[in-house]
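# Structural characterization, general
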Amino acid sequence: MKKLKLISVCLVLIGIASLSYYIFGQEHRYAKRYAHQFFDYPLPQKTKVMDKGFDHGVLYGGGPSGSGGYPTVAAYMKLSSELSEKEIFEYYHKKHFEIYFEGDETMEKDSKGRVWYEGKNAVKENLSIENNKGGPIQFIIQSKEEFSYPFFISF
């Protein structure tokens, strides 16, 4: 009889722990899914990934003020390409990604070490149309989004 009670208590505790893990892990799962959709966007020809990353959190990523305490996810990729700035801009701008050419960005970091990029987002004017035959150019594309999910508690 004692063994049956012990097994029942253990099963209830395992159930509560599993439910808690599911509820409190939703934010990270959503952010990870968003980042992987961003990472899966096809690269243009003659372009390579040098680095990529994502992070998420409330009061993170330079999100708009007045967000109501919603978390923000920011995913970025550092790329190298032989294409011209104009070709790169036309390829990524249609998806509304932030595009930062080398020297136009600053890496921001919050108190928890989470990283995102800010700076002069590329615009159609003043872009080079020359292919980079001397060597590839480096640039960053980034996508940020505020989100909520079931069981989200706003601060």
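For the structure, see preceding data.
Now for a look at the structure at hand. Sequence order as written defines the numbering, with residues in each chain counted from 1. In keeping with the model being predicted, local features are shown solely for residues with a pLDDT of at least 70 and side-chain atom pairs are shown and tallied solely at 80 or more, while totals for entire chains, interfaces and linings include all residues. To obtain the side-chain values, all non-hydrogen atoms of the structure were included, while hydrogens and water were left out.

## Regarding the nonpolar core
Formed by 19 residues in total, the largest nonpolar core has its most connected members in Phe38, Ile88, Tyr92, Phe101, Phe139 and Ile141. Comment: elements are numbered from the N terminus, with helices defined as DSSP H or I runs of at least four residues and strands as E runs of at least two. The set of elements that each furnish at least two residues to this core consists of α2 (26–39), β2 (72–81), α3 (85–93), β3 (98–101) and β6 (137–146). Ranked by residues supplied to this core, first place goes to α3 with four residues. Counting five residues, the second largest nonpolar core, distinct from the first, contains Tyr76, Tyr100, Val115 and Tyr117. For this analysis, a nonpolar core means a set of buried residues of the types Ala, Val, Leu, Ile, Met, Phe, Trp, Tyr and Cys, connected via side-chain atoms within 4.5 Å. Relative accessible area decides the class of each residue, using a 1.4 Å probe on protein chains only: under 20% of the type maximum gives buried, over 50% gives exposed, and in between gives partly exposed.

## Details of the pattern of salt bridges
Definition used for salt bridges: Asp or Glu carboxyl oxygen within 4 Å of a side-chain nitrogen of Lys or Arg. Enumeration according to the criterion identifies three salt bridges in this entry. The partner of arginine 114 in a salt bridge is aspartate 110, and the shortest N-O contact between them spans 2.7 Å. Between glutamate 118 and lysine 144 there is a salt bridge, and its shortest N-O distance comes to 3.2 Å. Note that glutamate 118 is positioned in strand β5 (residues 115–119) and lysine 144 in strand β6, a separation of 26 residues in sequence. The network of salt bridges with shared partners includes Glu98, Glu118 and Lys144.

## Quick notes on the packing of aromatic side chains
Planes of paired rings set the category: under 30 degrees apart is stacked, over 60 is edge-to-face and the rest tilted, where pairs are Phe, Tyr or Trp rings (Trp by its six-membered ring) whose centres lie within 6.5 Å. Enumeration according to the criterion identifies 10 aromatic pairs in this entry. Here the aromatic rings of phenylalanine 38 and phenylalanine 39 are separated by 5.9 Å at their centres, their planes lie at 55°, and the arrangement is tilted. Phenylalanine 39 gets classed as buried once you look at its relative accessible area, which sits at 14%. Arranged with centres 6.1 Å apart and planes meeting at 45°, the rings of tyrosine 92 and phenylalanine 97 form a pair that is tilted. Of the two residues, tyrosine 92 and phenylalanine 97, neither departs from the other in class, the shared state being buried.

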